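Breakdown of the fold
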Amino acid sequence: MSLDLKIDDLEVRAASGRVLLSVPRLSVAAGMCLGVKGPSGAGKSTFLFSLAGLGANSSGAIAWGGTDLMVLSPEARAKFRRHHIGMVFQDFLLFEELSAAANAALPGAYSRRARQAVIARKAGDVLDRLGIAHGGRTVESFSGGERQRVAIARALAADPEIVLADEPTASLDRKTADRLIEDLVRMVREEGKTLIAVSHDPAVYTRMDRVIEIVDGAIVSDEVRDG
Amino acid sequence: MNPLAPLYRAIEWMPVLAQDITVLVVLVMPALIVGALVLVGFRPFPLVRAMLWRFRWTNALFVLLIAVSVGLGVGLIAQERGLRQGTARAADPFDLVISAPGSEITMMFAAVYLQPSDVPLLSGEIYDEVANAPDVTLAAPIAFGDSYVSSPVVGSTAQFVTHLSPDLAEGAMFADRLEAVIGSRVDLALGDSFTPAHGVGDAAEHDAHAHVEYVVSGRMQPTGSPWDRAIIVPVEAVWEIHGLANGHAPENADQLGPPFDPDYFPGTPAILVSAEQLYVNYALRAQFTTDRTMAFFPGTVLANLYSLMGDVRQVMSIMAVVTQILVTAGVLAGLVILTRLFARRLALLRALGAPGRFVFSVVWSYAATLIFSGAVLGVAIGYGAAALISRVVSAQTDILVTATLSWPEFHLVGAFVSLTVILALVPAFIALSRPVVTDLRS
Amino acid sequence: MNRRGFFATATGAVLAAPFIVTGAAAAEPQVRLRELYERDMSFTPFALENAGTRVAIEGFMAPPLKADSNFYVLTNIPMAVCPFCSSEAEWPNDILAVYAQRVVNVIPFNVKIITRGTLELGTYTDPELGFVSRVRLIDAVQERA
């Protein structure tokens, strides 16, 4: 299934009624790496969470491959995320008391038994490719770069078509950040996944196929790069 | 009324053990059903373990709170049963006691538990009448009043010693006026001799019987009663050293034990009566309930005390149950606050697409784990407390009180777990209603 | 009994409980204590027919001989009201030895109770308590009438 993104008349409001984000129209082809840049508080993260079906007070349509998240129930959206979307966050959000393997295989905890083994295998495979040892050690002692790699393995473990990353390098130093974004982009390209990464970091969006800029809740530029 | 009465009525035909197990199953059934419904298809335990470990000290405190409140209820029940069994076992050889009219409780404490008391004597005619009543198998005088160190010295007969201890642990029955059989915990050895004091405790006159020396001839088996500290001597000796007739006519002056001659019988504070025919006990009790005599079953006196004790225990049990529920409600309220600490993790799970029911099951399992651990630890605490108190009581009263765990405690704990794991659904619902994105970014 | 069989029984009993309640209550024949003996002290046809089955008997709990025991004596009339208005010869047919399922909580001697248990005939000497009885209720459960 090819999960192209099509947004129509998306509008997200704050509880006060103020418009936080307005996207009249946007299409992203499946397999594309899309960077989202813009100043703080411009609505980048709101945009990203809306794409995952986590937005509140929104109207319009966000369709992945024809499935409009906006008309789905919260449980149906959760099911869509479970099967099609992997997420990476700024501060990793790992379970500190669990090992790298257990963290990466977290999506297996709420999947059917048959799928559990597949997820665990995939998580281990990604960890291997990212050079993370996944013995019994808990991630408490891991460095930031190692943690974010575990988070990437978790995002890819359920083999989703889409990876959404929210400031994936913001908690890392320059050198680590560069290596991490390289790894992330390499992984999603190898597997032909769609990546949408929100970031301040030029090192992130210079590696993208296409970069949009959001300012004050609106897309102000849309640039396709030739890699 | 006991809400379980209809259930017990329905399963009355089963063996008692099966009844108790059935009741336990019925009591924990709600917990099992809720658990099954919440957990079906999920394995939240690795995450729950992680959360438990993350806040281990807070969790340990919660578990301890629950455990102490559960232990209170368990300990109460176990302690009451221990006291009942211990005092009943100690009174077991005393079916029917006849004495001068007075307080049954005072007399029971004096004759059965050897708590000294100044009581009037029964005459030789009465003793004769009791001893010669049809079907009486044992009519033993119990002549207390003297002591040696902390041991009461009681005058009675060889038959009475055999009644308390069918076989002696060592040595032989007294065969002579100045021989004595001692209780299992008396600090004397066979062949030791001692001089009794007149009276008991601080009021004892130590030189009143200075010219008398008993020799220990035998030792009884342990009975778990104050009689383990007693020294039993021939009643004739007690009479003689008090300067009284010795129960026998001058021509039989050397006789030991019954029959006694009413004309030379100085009196006894109490008579222990034993009869094999069931109705004879009741007949004698009626026959000797007169203006000169009092006849009572120590068993009845105790049973009445137990029913009082049971009422007190019941009131305290209700308080203990209320405490348990309040503590658990407090802990669950604490959990609602604690789940805010978990809020990011729970939000993460939901952002990754975990079903709401999975998140629900994580929070519930977490709460249920605390409750269950608290309940198990509470049983241990309750048992430990009861064992400790029992030891103290045994040491102070010489009545062997042993703490045991039995079905009522497990029923209580089962009901507690069922009730509280259902209450634990509340924090799980509350956790589920939190906003995902807000929690994720907090 | 093996474990599984036991749990199956227990669970089955729970599920069947509502039916047993009505069934069992109706099934136990209820008589007064006096109806176990003829005037000549032989057993009545009722007693003979129901030996070995569960019956319900009306009576009074005599003051207990033993504390914290599951043994007690059921009397035809409250023990203290008229213990010995009958002659000694009639005594034994006025009382019934009862071995309860559990330790008995004493019910005052003047409160009418119903005891349900398995009727057992024939002379028996209790090895522990030493009491002799001609007729007994065993596995009994008692409640205020």
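Remember, predicted model here, so these are calculated numbers, not experimental data. Per chain, residue numbering runs from 1 following the sequence as it is written. Written order decides the labels, with chains lettered from A and ligands numbered from 1. Reporting in this predicted model follows two pLDDT cut-offs: at least 70 for local features of residues, and 80 or more for side-chain atom pairs to be given and counted; totals over whole chains, interfaces and linings ignore these cut-offs and use all residues. Side-chain calculation: all heavy atoms of the structure are included, whereas hydrogens and water are not.

1. Considerations on the environment of phenylalanine 60 of chain C
All names here are of chain C. In this fold, phenylalanine 60 is placed in strand β2 (residues 54-61). Sequence separation between phenylalanine 60 and glutamate 49 is 11 residues, and the spatial gap between their C-alpha atoms is 24 Å. Beyond its immediate sequence surroundings of up to four residues, phenylalanine 60 is in contact with Val73, Leu74, Thr75, Asn76, Ile77, Pro78, Phe109, Asn110, Val111, Lys112 and Ile113. Helix and strand labels come from DSSP, where a helix needs a run of H or I of at least four residues and a strand needs a run of E of at least two; each type is numbered from the N terminus. Contacts between residues were defined by any pair of non-hydrogen atoms, one from each residue, lying within 4.5 Å.

2. Looking at the confidence of the model for chain B
Looking at any residue, its pLDDT shows the predictor's confidence there, from 0 to 100. When pLDDT is averaged along chain B, the result is 90; 100% of the residues meet or exceed 70. Within chain B, strand β9 (residues 231-234) of chain B carries the highest mean pLDDT (96), whereas helix α9 (residues 278-287) of chain B carries the lowest (82).

3. A closer look at the confidence of the model for chain C
Residues and elements named next belong to chain C. In this model, chain C carries a mean pLDDT of 75, and residues with pLDDT of at least 70 account for 72%. Of all secondary-structure elements in chain C, the lowest mean pLDDT belongs to helix α1 (residues 3-27), at 46, while β2 reaches the highest, 91. Low confidence marks residues 1-25, where pLDDT is under 50. Its contacts with residues over four positions away, or in another chain, come to 19 contacts. Every residue in residues 85-89 is under pLDDT 50, and counting partners more than four places away or in other chains gives four contacts.

4. Quick word on the side chain of glutamate 236 of chain B
Residue and element names in this part refer to chain B. Following the sequence through the fold, glutamate 236 ends up in helix α8 (residues 235-241). Throughout, exposure labels follow a simple rule: accessible area from a 1.4 Å probe, protein chains only, divided by the maximum for the residue type, with under 20% read as buried, over 50% as exposed, and the rest as partly exposed. Counted charges follow a simple rule, with Lys and Arg positive, Asp and Glu negative, and His plus the chain ends left uncounted. Salt-bridge detection follows one rule: a side-chain nitrogen of Lys or Arg within 4 Å of a carboxyl oxygen of Asp or Glu. For the buried residue glutamate 236, which engages in no salt bridge, the nearest side chain bearing the opposite charge is arginine 177, 5.3 Å off. We call two N or O atoms a polar contact when they sit within 3.5 Å, provided that within protein one can donate a hydrogen and the other can accept it, with sequence-adjacent residues counted only if both atoms are side-chain atoms. Side chain to side chain, glutamate 236 and histidine 248 meet in a polar contact 2.8 Å long. Residues in contact with glutamate 236, not counting those within four places in the same chain, are Arg177, Asn246, His248, Gln255, Leu256, Gly257 and Phe260.

5. Here we look at the interface of chain B and chain A
Contact residues are listed per partner, giving 23 residues for chain B and 25 residues for chain A. Buried area adds together the accessible area that both of two parts lose upon being put together, with accessible area traced by a 1.4 Å probe. In terms of surface lost to chain A, no three residues of chain B exceed Arg43, Leu348 and Leu352 of chain B, which account for 27% of the buried area on that side. Along the contact surface separating chain B from chain A lie three salt bridges. One salt bridge connects glutamate 97 of chain A with arginine 345 of chain B, and the closest N-O pair in it is separated by 3.1 Å. Counting across the chain B and chain A interface gives 10 residue pairs in polar contact (both at pLDDT 80 or more).

6. A closer look at the UniProt feature "transmembrane region" (unreviewed entry) in chain B
UniProt positions are given in the numbering used here, feature names are shortened, and annotations may be inferred rather than shown by experiment. The sites that carry the UniProt feature "transmembrane region" (unreviewed entry) are, in the present numbering, residues 21-40, 60-78, 315-338, 358-390 and 410-432 of chain B. Strand forms 0% of residues 358-390 of chain B and helix 100%; the C-alpha atoms that close the span are 47 Å apart.

7. Observations concerning the pairing of strand β6 (residues 132-144) of chain C
Successive side chains on a regular strand alternate, one facing one side of the sheet and the next facing the other. Residue and element names in this part refer to chain C. Two strands are counted as paired when DSSP detects at least two bridges linking them. Pairing of strand β4 (residues 95-100) with β6, which is carried by three bridges, proceeds in the parallel orientation. Each residue of the ladder has a partner; that of alanine 97, found in β6, is arginine 136. Across 10 bridges, strand β5 (residues 112-125) lies against β6 in antiparallel orientation. Across the sheet, leucine 119 pairs through a bridge with leucine 137, a residue of β6.

8. Describing empty space enclosed by the protein
Residues and elements named next belong to chain A. Here a cavity denotes grid points, spaced 1 Å and computed from the protein atoms alone, that fit a 1.4 Å probe unable to get out, and a pocket denotes an open set having protein on both sides within 12 Å along at least 5 of 7 lines; residues with an atom within 4 Å of a point are the lining. Grid points are joined across faces, edges and corners, and a volume is the space filled by probe spheres set on the points. With the rule as written, the count across this model stands at five cavities of 30 Å³ or more. Taken as a whole, the largest cavity spans an internal volume of roughly 80 Å³. Looking at the lining of the largest cavity, the elements with two or more residues in it are α2 (74-84), β6 (85-88) and α5 (144-157). At three residues, the largest contribution of residues to the lining of the largest cavity is made by β6. When residue character is reported, Ala, Val, Leu, Ile, Met, Phe, Trp, Tyr, Cys and Pro are called nonpolar, Asp, Glu, Lys and Arg charged, and the others, Gly included, polar. Residues belonging to the lining of the largest cavity are distributed by class as follows: eight nonpolar, one polar and three charged.

9. Thoughts on unusual backbone geometry
All names here are of chain B. Note the cis peptide between proline 258 and proline 259, where omega equals -5°. Position of proline 259 relative to the elements: it lies in the loop between α8 and β10 (270-275). Unlike most non-glycine residues, aspartate 135 shows phi in positive territory, near 70°. Tracing the backbone through its elements, the reader meets aspartate 135 in the loop between α6 (124-131) and β2 (136-148).

10. What about the environment of alanine 204 of chain B?
Residue and element names in this part refer to chain B. With respect to the element layout, alanine 204 can be found in the loop between β7 (197-198) and β8 (214-220). According to the relative accessible area criterion, alanine 204 is buried, its value standing at 10%. Through-space distance from the C-alpha of alanine 204 to that of valine 149 is 9.3 Å; in sequence the pair is 55 residues apart. Filtering out sequence-adjacent residues up to four positions away, alanine 204 remains in contact with Ser147, Ala197, His198 and Gly199.

11. Quick word on the pattern of salt bridges
Any two side chains of opposite charge can pair, given that their charged atoms come close. Residues and elements named next belong to chain A. Within the structure shown, the criterion is met by 43 salt bridges over all chains. Between aspartate 183 and arginine 149 there is a salt bridge, with its nearest N and O atoms 2.9 Å apart. Of the two residues, aspartate 183 is situated in helix α6 (residues 174-190) and arginine 149 in helix α5; the sequence distance between them amounts to 34 residues. Across the pair, arginine 149 and aspartate 183 agree in class, each one buried. What emerges from the salt-bridge pattern is a single network uniting Lys122, Asp125, Arg129, Arg149, Asp159, Asp183, Arg186, Glu190, Glu191 and Lys193.

12. Thoughts on the packing of aromatic side chains
Stacked, tilted and edge-to-face pairs are distinguished by plane angle, under 30 degrees for stacked and over 60 for edge-to-face with tilted covering the rest, among Phe, Tyr and Trp rings (Trp via its six-membered ring) whose centres lie within 6.5 Å. Within this structure, the stated rule accounts for 20 aromatic pairs over all chains. With centroids separated by 5.0 Å and ring planes inclined at 15°, the aromatic side chains of tyrosine 127 of chain B and phenylalanine 265 of chain B adopt a geometry described as stacked. Taken together, the residues span a long stretch of sequence, with tyrosine 127 of chain B in helix α6 and phenylalanine 265 of chain B in the loop between α8 and β10 at a distance of 138 residues. Each member of the pair, tyrosine 127 of chain B as well as phenylalanine 265 of chain B, is classed as buried. Joined through ring pairs, the aromatic side chains of Tyr127, Trp239, Phe260 and Phe265 of chain B make up one cluster. A cation over a ring is seen here: arginine 56 of chain B above tryptophan 53 of chain B, with NZ or CZ 4.0 Å from the ring centre. The ring of phenylalanine 43 of chain C carries arginine 134 of chain C above its face, with NZ or CZ at 4.8 Å from the centroid. In this analysis the charged atom, NZ for Lys or CZ for Arg, is taken to sit over a ring once it is within 6 Å of the ring centre and within 35 degrees of the ring normal.

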